[in-house]
Structures are given as C-alpha cells and as structure tokens.
Amino acid sequence: MYLQHFGLREMPFALTPNTGFFFALAPHAEALQVLQTALQTGEGFIKVTGEVGTGKTLILRKLLNDLPAPLRCAYLPNPCLSPNELRWALALELGLKYSANIDQQQLTSLIQHQLMALAAHGHSVVLILDEAQALPQESLETLRLFTNLETESRKLLQVVLFGQPELDERLASPELRQLRQRITFSYRLRPLNRQEIEAYVQHRLKVAGLSDTGLFDSAAIAAIARASRGIPRLINILAHKALMLGFGEGLQRIGRRQALGAIRDTEDASKPIWPNWLPVLSLSCLMAAAMGLWWRGGGL
Ligand SMILES: Nc1ncnc2c1ncn2[C@@H]1O[C@H](COP(=O)(O)OP(=O)(O)O)[C@@H](O)[C@H]1O
Ligand SMILES: [Mg+2]
C-alpha cells in the first residue's frame, strides 16, 4: 500500500470510527457539549441525529471514553430488538444474573431493583443506543417506561439515542408523542463546510504521521469537498482512493485528476455536473465564435 510512499505511519482514512483520529470540528464538539450538559442535568432522553457517515458512532465512542465516573454506561450497538430482547440486553449490560426461565415481569422488576441499588451507591445509568432508527415502536415505548423511574432529583436511567434522520420521522408519529415530549436535548449533525473539510483532511494525515500538510493540493480538496457533500465517511473514501491513484502514478502530491478519478470510482459521490473536458470545449467554441464575428466584420 501507499503508507511508505507518502511517509505515513498508519492508514489516514480508514472507515472505522477510531477516537484516536477524532477532530473537534464545530458540529462534533457541539454535539458532545450538548450530551455532556444533558447527562449532567439528569434528563431522561437525549437524541443525536445525522445522515449516514456524519460521525455519530465516533461521537458515541468519544462519549463512552469520557463519561464522568458516577455514570454507569450500558451500550447497545445494534438495537434492532423486540421489547423482550431489549430487557434481556439491558439486564446483561447491568451485570444481572438471572435464570433462563424468568418471565418478563420478573426481569423488569430485577432491572428496576438494580437501577435503584446503583442509585443508592451514587450511580445513575446511561443507556446508549446506536442506529436507534431501527428500534421497533414497542421497544421505544419499553424504554420510555424504564425512564419513568426516578429519584427526587434525577432519572435512574437516562437514554441516549443516536440515529439517522428517519428516527425523527418515526418520533413524529402520534403514538410516540409521549416519548417525543421526553426528549429535552437533541442535536442534528450537519455536513462539514469547505474549510472544515480541508482542516479535517489535514488533521487525519497529521495523526497518521505526516508532517507536510500539502499532500492534497487545493484543487483536489475542492473536488473532494464538492463530491462528498461534506460527509466525513465519503471524504475518507475519496481521499483514500485518490491516494491509491497517486501512489499508482508515483506522485508525491495529490491533485484534481486523482480526486476526480476517485469520484468517478465511488458510487455515492456526487459527480461533477460538467465533464472535465467541457471548459476546454466551451473555450474553443467561444474562440471560434469570436473568429467568425471578426471574419464577418471584414477582418482587419
Ligand atoms: N470529527 C471527526 N474526526 C475524525 N474523524 C471523523 C469525525 N467525524 C467523522 N469521522 C470519521 O468519519 C467516518 C464516519 O463516521 P461514523 O461515526 O462511522 O458515522 P455514522 O455513525 O454517522 O454513520 C469514520 O471513519 C469516522 O472516524
Ligand atoms: Mg454509525
């Protein structure tokens, strides 16, 4: 691969949400700030939404790493769970031991007792769900009932939902209005702007071991910015492919041509409206027209 060629220590644009690469861009820093504040105030439900690839799972991992000590965390990465499965999963995360033939009511009361026992020791529990748009409606309702439990000052269980914009559509349904009203803090991740994209690319290259920040020229960055629509995952894909192309051509600097090659090769990237050769063609047409006018006007 291209690591040695460009003087990199590790892959700069891998797709795993690795907190070692976290860059505190405005939307991500703000989302984390909202989460920290909401958790401190002890509110029931907190929600972070964003398009696919905008950085939700990375923020979630960052939150898990930095959770203040009195908060205990239960994390469900894949919440495509029925209400029963959700209870089992929560019980497991809370470290409960129970026999396999326990019924759902007993399980619910075990969970409640455990939450109260933890609260008595000064811990409140944060349940964090990724991909929450996939939660069935009855499971969302089950979660709401758990967050009914509270001490005089705070909830025994706080729930953080990370999800795609479809989550908002689901929550808009009249059946879920009670849950909707419980969401006191929410944040919608926006795509990155041009300056943020450039800073983002430089940051990842620097973390991967590059001291020279000019590896991508500004035309390459501009092309990637446009085609990625500011979505970090797409930026990673395009930057990685452009590096592969540059490496293949033995280049030390990535330009517009490699970026366009990467864009052509990426289904999800927005393609330029004007093909590459169009500006050249239009310039030639303009010149031909000017020549024609000059000729008809009698020339010199
Ligand atoms: N602020 C950021 N700093 C560094 N990398 C980021 C940032 N935001 C997103 N990424 C990267 O973008 C990619 C997509 O992020 P991810 O959290 O998987 O998105 P989502 O969960 O919203 O689909 C990952 O490789 C992630 O590391
Ligand atoms: Mg994710």
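Residues numbered from 1 in each chain as written. Chains lettered and ligands numbered in written order. Predicted model: local features only at pLDDT ≥ 70, side-chain atom pairs only at ≥ 80, totals over all residues. Heavy atoms only, no water.

Caption draft 1: Quick peek at the packing of aromatic side chains. The full count for this structure, using the stated rule, is two aromatic pairs. Measuring from centroid to centroid gives 6.2 Å for F13 and F216, while their planes differ by 85 degrees, and the two rings are edge-to-face. Highlighted residues: F13 in the loop between α1 (3-6) and α2 (26-41) and F216 in the loop between α9 (194-207) and α10 (218-228), separated in sequence by 203 residues. F13 sits in the buried class, given a relative accessible area of 3%. Given the relative accessible area of 5%, F216 is considered buried. (Phe/Tyr/Trp six-rings, centres within 6.5 Å; stacked < 30°, edge-to-face > 60°. Helix = DSSP H or I, 4+ residues; strand = E, 2+ residues; numbered from the N terminus. Buried < 20%, exposed > 50% of the residue type's maximum accessible area, 1.4 Å probe, protein only.)

Caption draft 2: How the structure looks around the pairing of strand β4 (residues 157-163). Burial runs high along β4: seven of the seven residues are buried. Of the two faces of β4, the one lined by L157, V159, L161 and G163 and the one lined by Q158, V160 and F162 are each fully buried. Pairing geometry for strand β1 (residues 45-49) and β4, over five bridges, is parallel. Each residue of the ladder has a partner; that of K47, found in β4, is L161. One crossover worth recording links strand β3 (residues 124-129) to the parallel β4 by way of helix α6 (residues 137-146), and it is right-handed. (Pairing = 2+ DSSP bridges. Right-handed = clockwise from strand over helix to strand, strands pointing away.)

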